[in-house]
Amino acid sequence: MVSERTHIVCFGNELHGDDGLGPAVHALLSQAPLPAGVRLMRADVAGLSAIACFEDCDRVIIVDALLGHGPAGTLYQLDALPLAEAAARDEAPAGFHGAGVGALLSLLPAALDVLPRMILIGVEILATRPFTPGLSAAVEARVGEAARRVLSLLS
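None of these values were measured; they are calculated from a predicted model.

Peer 1: Explain the side chain of S136 here, please?
Peer 2: Checked against the element boundaries, S136 lands in the loop between β5 (117–124) and α4 (137–140). Once you skip the residues sitting within four places of it in the chain, S136 turns out to touch D18 and L126.

Structure representation (structure tokens):
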């Protein structure tokens, strides 16, 4: 596994409440020594420009806030593609402005010649709060655990 090219992609916006999970995990991971072949990336928006985060690698570990899967603060390790299909269906009624990581992941097969293996590390959030920085206590309590889970996948 060490020879794999792995991208860790942390999604979210710290100015929108619990959507700041990804940036908070990114901040912790940026302090950790990462193995050779691992690239830590941040994608504030899950738009088309984030497709580049999935190029030129064998595996992607996605870190993102989740909503609608269980109690706030629950940490998940999920296969990203089935989650993407369900999320893309849920996001579709909101149009492009409501599109998130699910919609982005559903576009990857058309955009990339070879799909990397993808796993998602997520934490169930209470809500996103536009222009309200800071994580809820339930999500803040899981930031370190989420970062440790990512690191455990690298060994």
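Peer 1: Even after reading the chapter, I still don't get the environment of V25, so can you show me in this structure?
Peer 2: Mapping V25 onto the fold places it in helix α1 (residues 21–29). Along the sequence, V25 and G144 sit 119 residues apart, while their C-alpha atoms lie 7.1 Å from each other. The contact partners of V25, leaving out residues within four places of it in the chain, are V63, V143, A146 and A147.

Peer 1: Explanation requested: α1 in the structure shown.
Peer 2: Think of an α-helix as turning once every 3.6 residues; residues three or four places apart then point the same way. Most of α1 is tucked away, with seven of its nine residues classed as buried. Looking only at α1, the buried set comprises L21, G22, P23, A24, V25, H26 and L29. Buried-residue contacts for α1 involve β1 (6–11), β2 (38–43), β3 (59–66), β5, α4 and α5 (143–153).

Peer 1: Can you help me understand the nonpolar core in this one?
Peer 2: The tendency in soluble globular proteins is for nonpolar side chains to be buried as a group. Ranked by size, the top nonpolar core spans 23 residues in total, and within it F11, F54, I62, L105 and M118 carry the most contacts. Put simply, the parts of the chain that give this core at least two residues each are β1, β2, β3, α2 (80–91), α3 (101–111) and β5. At four residues, α3 tops the list of elements feeding residues into this core.

Peer 1: For this particular structure, what's the right way to read the sheet that holds β5?
Peer 2: Strand pairing in a sheet is mediated by backbone hydrogen bonds. Such pairs are either parallel or antiparallel. Here five strands make up an open sheet; going across it, the order is β2-β1-β3-β5-β4 and the pairing mixed. Looking at the sheet topology across the chains shown, the edges are occupied by β2 and β4 (75–79). In this sheet, neighbouring strand axes are inclined to one another by 20 degrees on average, regardless of whether the strands run parallel or antiparallel. In this structure, β4 lies alongside β5, joined through five bridges in antiparallel fashion. From the neighbouring strand, L78 faces β5, where its bridge partner is L120. Set on the sheet, α3 makes contact with β1, β3 and β5; between it and β3 the angle comes to about 155 degrees.

Peer 1: How should I be thinking about the confidence of the model for the protein in this particular structure?
Peer 2: In low-pLDDT segments, the atomic positions of the prediction should not be examined closely. Across the protein, pLDDT averages 88, with 88% of residues at or above 70. When the elements of the protein are averaged for pLDDT, α2 gives the smallest value, 69, and α5 the largest, 98. Between residues 92–98, whose pLDDT stays under 50, and residues either more than four places distant or in other chains, the model counts one contact.

Quick notes on the rules
As a convention, each chain's residues are numbered from 1 in the sequence order in which they are written. In keeping with the predicted nature of the model, local features appear solely for residues at pLDDT of at least 70, side-chain atom pairs appear and are counted solely at 80 or more, and the whole-chain, interface and lining totals rest on all residues. Note: side-chain values were computed over all heavy atoms of the structure, leaving out hydrogens and water. Secondary structure elements are taken from DSSP: a helix is a run of H or I of four residues or more, a strand is a run of E of two residues or more, and numbering for both begins at the N terminus. Two residues form a contact once any of their heavy atoms are found within 4.5 Å. The buried label goes to any residue with under 20% of its type's maximum accessible area, the exposed label to any with over 50%, and the partly exposed label to all in between, with areas taken from a 1.4 Å probe on protein chains only. Take the buried residues of types Ala, Val, Leu, Ile, Met, Phe, Trp, Tyr and Cys, join any two whose side-chain atoms come within 4.5 Å, and each joined set is a nonpolar core. Being paired, for any two strands, means DSSP has found at least two bridges between them. Axis geometry follows a simple rule: fit a line to the C-alpha atoms, using only the stretch in contact for helices, then measure angles between N-to-C directions, giving values from 0 to 180 degrees. pLDDT expresses, on a scale from 0 to 100, how confident the predictor is about each individual residue.

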